[in-house]
Amino acid sequence: MWRMDSTFRCWITTAWLGATSVVGTSCFDSGGDSLSSSEATSEAQESNGGDGDGDGDGDATGVGSGTDTSGNSDEGGNSDEGGNSDEGGNSDEGGHSDEGGHSDEGGNSDEDEETSGGDSDASGDSDGGGSTEATGSVTDCAPGEVGSEMGPCGNCGERERVRTCLEDGTWGSWGKWGVCADQGECAPDEVRTEKRECGGCGSQERSATCSQTCEWTEWGEWGECVDEPVCSPGAVEVDPIGMPCGNCGEQYRRHTCEPDGCSWGEWSDYGDCEGEGACAPGDTDTETDVPCGDRCGTASRTRECMSVCQWGHWGPLSDCINEGECVAGAIENDPNEIPCGTCYGVQRYQRHCSPTCEWGESTLSECEEQWTPWYNTDDPSDGHERESPQAAELPAECHHVAGYEVGVAVGSNSGQVVPWYEIGESLQEINATSGIYCANSDQSDGTCEDYQIRFCCGSAPGYWTEWLDRDDPQHSGDHESVAKFDPDVLCDGVADRIQAEALFQAGYDYRYHGEVLSISPEHGLTCLNEDQEDGSCLDYQVRFHCVE
């Protein structure tokens, strides 16, 4: 505060050191000379110009200026908005004039700054209990003094840092934080878990949470048992991802479920290559013996393997080469026909082309005769069996019946026929004009066989000779041989067939009587008595068909 009288003007400053205040006084006389003095008083909570209760409501009046809300001078009365009082009874935000003083937030001067009155407060007031020099200035701290502070760290821990008071009475910079001490078990809200086995090979889990005081809470309840057996003991599983091999193939590995069913065993080595294609991409295949033409020729063609390891389509054929002599299966006939059979048949030499298109050896063809189909118009159910040309209703072109064949069919539709003369039944009639007639009453078993008949129609080039009979069976037998006939009664050319019948029963084929004999157009007929059951041959007559 300022004290004014007729001689001196004095400035009094106060700084708190704990419970002790340090008071400095500077006085000036009217002539400008200054007097300085300082005194230290031990006062607890006394303010400059206040009521000593530390609430900054002093009622001192500043000289030459008005008052603020605290009753102190704003510009010259050493008072700011705090009324020159802080928590220790000093000023609040400077403790002195804010335009001419040197106060900081602690109520003390922080820097050397000249006031509007020309006075210098070199050290201000102490920030943490500073000292007062002989000149009356106040410092932040005592040089060499060590200050410290604590701060939070880690899991609810603390750490410390320090600073040292400098020679000029101000605090130095804070040092690094020290080691974090007294930490808790965990970080707030941290969660921890633990597992245990359950079931056959399952597991279950429980958890605990860290509290805000960095201590673990109690474990929670065990959860549901999971990860039960994963496979059937002994089961084999194939790895679905195969390894490429060969021509677009794949090989696979396998593993087996362990006996406890809790896990699969180690994978086996890769097995055989499976599913390979027919070829490797880019390969070519050439076929050289492709049949071509109609005479067993050959050609070549080529195909290429595709990217999927399968052959592509064949390319075009090359020119046809190596053709044979003929078309496989072809038949070549000799134009000269040879008479054969008993019904104007003909046959010729012919050759066949082999499957390799080469001609085979010439052979004689089968005899092609002019027989009608087999007819069966009657059966023996009415007491007899008759098969005749009239009943058969032969076609118009068959105007002349040159011969016939009679027999009994073997089986059903077998195509085989047993000749009538091998049956041995007694027949009343058998010839080309009337056909065959069999009466049931003439048979030893009382019934005839069911016969069938076919007829030889048409004619062939040539003619028949007259019926000839030059011998009888009185001696060794009946010999109607070509060699013993007069050439004038035989053919001028070649005889291609012969007919024979017994003299006493004209119109009956020689075979009707069942005697053993030999007959051919080249040699004629020969019957030996010694070959017959009754010791004697019948007397036969023959005729020859001549080829002109």
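## Describing the overall build of the chain
Along the chain, the regular secondary structure elements total one helix and 31 strands. Burial status across the chain gives 35% buried among its 548 residues. A separation of at least 24 residues holds for 47% of the contacts in the chain among residues at least 6 apart in sequence. Accessible surface, the chain as shown: approximately 32,000 Å² in total, 45% of it carbon and sulfur.

## Description of the confidence of the model for the chain
For the chain, per-residue confidence averages 76 on the pLDDT scale, and residues scoring 70 or more make up 73% of the total. A low-confidence stretch, residues 1-136 stays under pLDDT 50, and its non-local contacts, those more than four residues away or across chains, total 260 contacts.

## A few points about the packing of aromatic side chains
Under the defined criterion, the tally for this structure stands at three aromatic pairs. A centroid spacing of 5.4 Å and a plane angle of 85° characterise the contact between Trp420 and Tyr421, whose relative ring orientation is edge-to-face. For Trp420, a relative accessible area of 5% gives the class buried. Here Phe485 and Phe544 contribute two aromatic rings whose centre-to-centre distance is 6.4 Å and whose plane-to-plane angle is 80°, an arrangement assigned as edge-to-face. Highlighted residues: Phe485 in the loop between strand E27 (477-481) and strand E28 (494-502) and Phe544 in strand E31 (residues 540-547), separated in sequence by 59 residues. Taking relative accessible area as the criterion, Phe485 reaches 9% and is therefore assigned buried. The cationic tip of Arg543 hangs over the ring face of Trp464; the distance from NZ or CZ to the ring centre is 4.6 Å.

## Describing the sheet that holds strand E15 (residues 331-333)
Here three strands make up an open sheet; going across it, the order is E15-E18-E19 and the pairing antiparallel. Of all the strands in the sheet, just E15 and strand E19 (363-364) have a single pairing partner and so form its edges. Judged from the two bridges that link them, strand E18 (residues 349-352) and E19 form a sheet pairing that is antiparallel. Bridging from a neighbouring strand, Gln350 pairs with Thr363 of E19.

## Quick word on the side chain of Thr298
On the secondary structure map, Thr298 appears in strand E14 (residues 297-304). Among the polar contacts made by the side chain of Thr298, one reaches the side chain of Asn322 at a distance of 3.2 Å. Every residue in contact with Thr298, bar those within four places of it in the chain, is listed here: Thr288, Asp289, Val290, Cys292, Asp319, Cys320, Ile321 and Asn322.

Rules used throughout
- Residues numbered from 1 in each chain as written.
- Predicted model: local features only at pLDDT ≥ 70, side-chain atom pairs only at ≥ 80, totals over all residues.
- Heavy atoms only, no water.
- Helix = DSSP H or I, 4+ residues; strand = E, 2+ residues; numbered from the N terminus.
- Buried < 20%, exposed > 50% of the residue type's maximum accessible area, 1.4 Å probe, protein only.
- Contact = heavy atoms within 4.5 Å.
- Areas by Shrake-Rupley, 256 points an atom, 1.4 Å probe, with all protein chains shown as cover.
- pLDDT = per-residue confidence, 0-100.
- Phe/Tyr/Trp six-rings, centres within 6.5 Å; stacked < 30°, edge-to-face > 60°.
- Lys NZ or Arg CZ within 6 Å of the ring centre and 35° of its normal.
- Pairing = 2+ DSSP bridges.
- Polar contact = N/O pair within 3.5 Å; in protein donor to acceptor, adjacent residues only side chain to side chain.

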